[in-house]
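A look at the structure
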Amino acid sequence: MSLIEGEEELIRNGVAEALLDHDRARESLIPLLLKVQGKLGYLPALAMELIAEALQIPAVDVYGLATFYNRFRLNPPGKHQIQVCMGTACYMVGGDIALDCFERRLEIGEDETTPDREFSLERVACVGCCTMAPVVVVDELVEGHVTPTRVDGILLSFGREIPKSAEKTEQEGENSP
Amino acid sequence: MSKKVTITIDGREIEAHEGEKVLWVALDNSIFIPNLCALKEKEHPSGSCRLCYVQVEGRPEPVTACTLAAKEGLSVQTRSPQVDRLVKSAFELLLSNHRLGCGRCPRRKSCALLKIARERGLKMRLSRLSALELDVEIDESPETFAFDRSRCLLCGRCVWICQEVARVGALGFTNRGITRRVGTFREVSLAQSPCTECGLCVEACPSGALYFKEKSDDK
């Protein structure tokens with residue numbers, strides 16, 4: 001994910017600030033990462049490198065820890081956060097299909113953010129309304145019975161139109177021998 | 001130096017330093033105990049491969065030899081029905097995550113898995129488990145060696161060597177669970193990582209995951 005203008009300075013300042021009153025022992029890596037993520041909203045590669053340098057540990061160890069725990073995110077939260085429920089009920093009635101639709105329409109994968117930072121996509125476990133399965137939570141708003149058509153509807157409500165050409169090529173792709 | 005103690009392995013009385021791990025005492029005395037993740041220089045054994053089980057007299061369950069410290073009067077058996085069962089299961093679990101096709105493997109003559117299979121009469125194929133399909137690209141970016149993750153057993157030897165011996169820190173464990181892998185910072189290729197191509201990780205690899213391009217077993 002490329003940084004936006006002025007973000008590098010924000011990251012450098014954020015990390016420096018978090019490091020100020022923090023001890024540099026390896027054991028304090030998790031609280032430190034939480035603190036930095038709290039400030040920046042996510043863990044950019046640059047932040048992980050700066051932290052590794054400060055704690056004098058390999059950068060891959062910081063990355064390994066950040067990818068181990070779900071709590072840490074490596075991509076910035078989008079302006080609109082889409083959470084697709086993959087709890088048992090939602091999964092059984094096609095939660096994975098809804099996730100797939102979002103992935104294709106936004107051209108990003110799970111836990112990723114669109115390059116314009118408008119949307120970020122996440123998989124969550126049960127959000128507590130299984131009767132409406134499959135459920136998608138869009139910016140705190142719970143959407144029930146999310147079919148592929150509803151996925152397009154949700155994105156349309158944010159002004160993201162389905163490109164005509166994409167639809168066309170899909171159809172052509174199906175028809176071609 | 002710590003004091004000398006006498007322990008018994010498979011009925012043989014052996015002198016060892018107190019506190020020394022039984023796995024190394026056995027291997028130094030040409031008694032084979034299967035192992036993958038163990039490194040003698042490593043202070044805290046990771047105990048992750050679960051292959052070095054031995055039966056200790058007076059204990060109901062087998063224990064891993066790499067974590068078992070020698071003490072006066074300790075008596076162990078390297079084989080027992082319980083041990084064999086545990087090793088067989090652990091071995092099959094490792095195999096299920098390891099691309100077979102030993103004929104084309106660059107390490108087919110020095111493979112630790114093949115050695116364990118030979119010594120313990122285990123089969124190099126899956127009977128109870130299905131294979132985990134690994135569709136990964138081989139990282140051939142370093143000049144002298146390559147990394148084929150589909151043969152990686154996650155023993156962690158290369159990671160430890162890279163960090164503690166080579167002091168490079170290019171390799172590490174990333175992700176979790178079924179997606180756990182040995183990787184680099186942001187999963188870049190080894191050539192783009194801090195890797196210095198010292199080759200120590202390749203020498204430490206027990207399977208065909210890390211191999212020298214030139215010095216493979218058939219050359």
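What counts as what
Residues numbered from 1 in each chain as written. Chains lettered and ligands numbered in written order. Predicted model: local features only at pLDDT ≥ 70, side-chain atom pairs only at ≥ 80, totals over all residues. Heavy atoms only, no water. Domains from an automatic or database assignment. Contact = heavy atoms within 4.5 Å. Buried area = accessible area lost by both parts, 1.4 Å probe. Salt bridge = Lys/Arg side-chain N within 4 Å of Asp/Glu carboxyl O. Polar contact = N/O pair within 3.5 Å; in protein donor to acceptor, adjacent residues only side chain to side chain. Nonpolar A, V, L, I, M, F, W, Y, C, P; charged D, E, K, R; others polar. Helix = DSSP H or I, 4+ residues; strand = E, 2+ residues; numbered from the N terminus. Pairing = 2+ DSSP bridges. Buried < 20%, exposed > 50% of the residue type's maximum accessible area, 1.4 Å probe, protein only. Axes fitted to C-alpha atoms, helices over the stretch in contact; angles between N-to-C directions.

Right, let's talk about the domain arrangement of chain B for a bit. Quite often, the size of an interface is put as the accessible area lost when its parts meet. All names here are of chain B. Looking at the assigned domains, one finds that chain B contains domain 1 (4–90) and domain 2 (99–212). Put simply, the middle of domain 1 and the middle of domain 2, counted by C-alpha atoms, are 25 Å apart. With 20 residues of domain 1 at the interface, the matching set in domain 2 holds 14 residues. For the pair domain 1 and domain 2, the summed buried surface comes to about 1,500 Å²; carbon and sulfur atoms form 64% of the total. The three residues of domain 1 that bury the most area against domain 2 are Phe32, Leu36 and Leu39, which together make up 42% of that side's buried surface. At the junction of domain 1 with domain 2, the criterion picks out zero salt bridges. Inspection of the domain 1/domain 2 interface yields four residue pairs in polar contact (both at pLDDT 80 or more). A breakdown of the residues in the side of domain 1 that touches domain 2 according to their chemical character gives 10 nonpolar, five polar and five charged.

Let us look at the side chain of B:Thr64. Of note, B:Thr64 is situated in strand E4 (residues 63–64). Apart from residues no more than four positions distant in its own chain, B:Thr64 is found in contact with B:Arg50, B:Cys52 and B:Tyr53.

To continue, consider the pairing of strand E1 (residues 80–85) of chain A. Looking down a regular strand, the side chains alternate between one sheet face and the other. Pairing of E1(A) with strand E2 (residues 119–124) of chain A, which is carried by six bridges, proceeds in the parallel orientation. Each residue of the ladder has a partner; that of A:Gln83, found in E2(A), is A:Glu122.

What follows deals with the pattern of salt bridges. Inspection of every chain in the model, using the stated rule, returns 19 salt bridges over all chains. Among the salt bridges present, the one from A:Arg117 reaches A:Glu7, with a minimum N-O distance of 3.0 Å. Of the two residues, A:Arg117 is situated in the loop between helix H6 (95–106) and E2 and A:Glu7 in helix H1 (residues 7–20); the sequence distance between them amounts to 110 residues. As far as the burial class goes, A:Arg117 and A:Glu7 line up, both buried. For B:Lys3, the salt bridge identified is with B:Glu18, shortest N-O distance 3.9 Å. Highlighted residues: B:Lys3 in the segment before strand E1 (4–9) and B:Glu18 in the loop between strand E2 (12–17) and helix H1 (22–28), separated in sequence by 15 residues. Within the structure, one salt-bridge network assembled from shared partners comprises B:Arg99, B:Asp148 and B:Arg151.

This part covers the sheet that holds E1(A). Residues and elements named next belong to chain A. As summarised here, the arrangement of the four strands in space is E2-E1-E3-E4, forming an open sheet in which the pairing is mixed. Strand pairing shows two members of the sheet lacking a second neighbour, E2 and strand E4 (141–143), which therefore form its edges. Averaged over all adjacent pairs, the angle separating strand axes in this sheet is 25 degrees, with direction ignored. Two elements, E1 and strand E3 (residues 136–138), share three bridges in a ladder whose sense is antiparallel. By the bridge assignment for E3, isoleucine 82 is matched with valine 138. Against the sheet, H6 makes contact with E1, E2 and E3, and its axis sits at roughly 150 degrees relative to E1, the strand it touches most.

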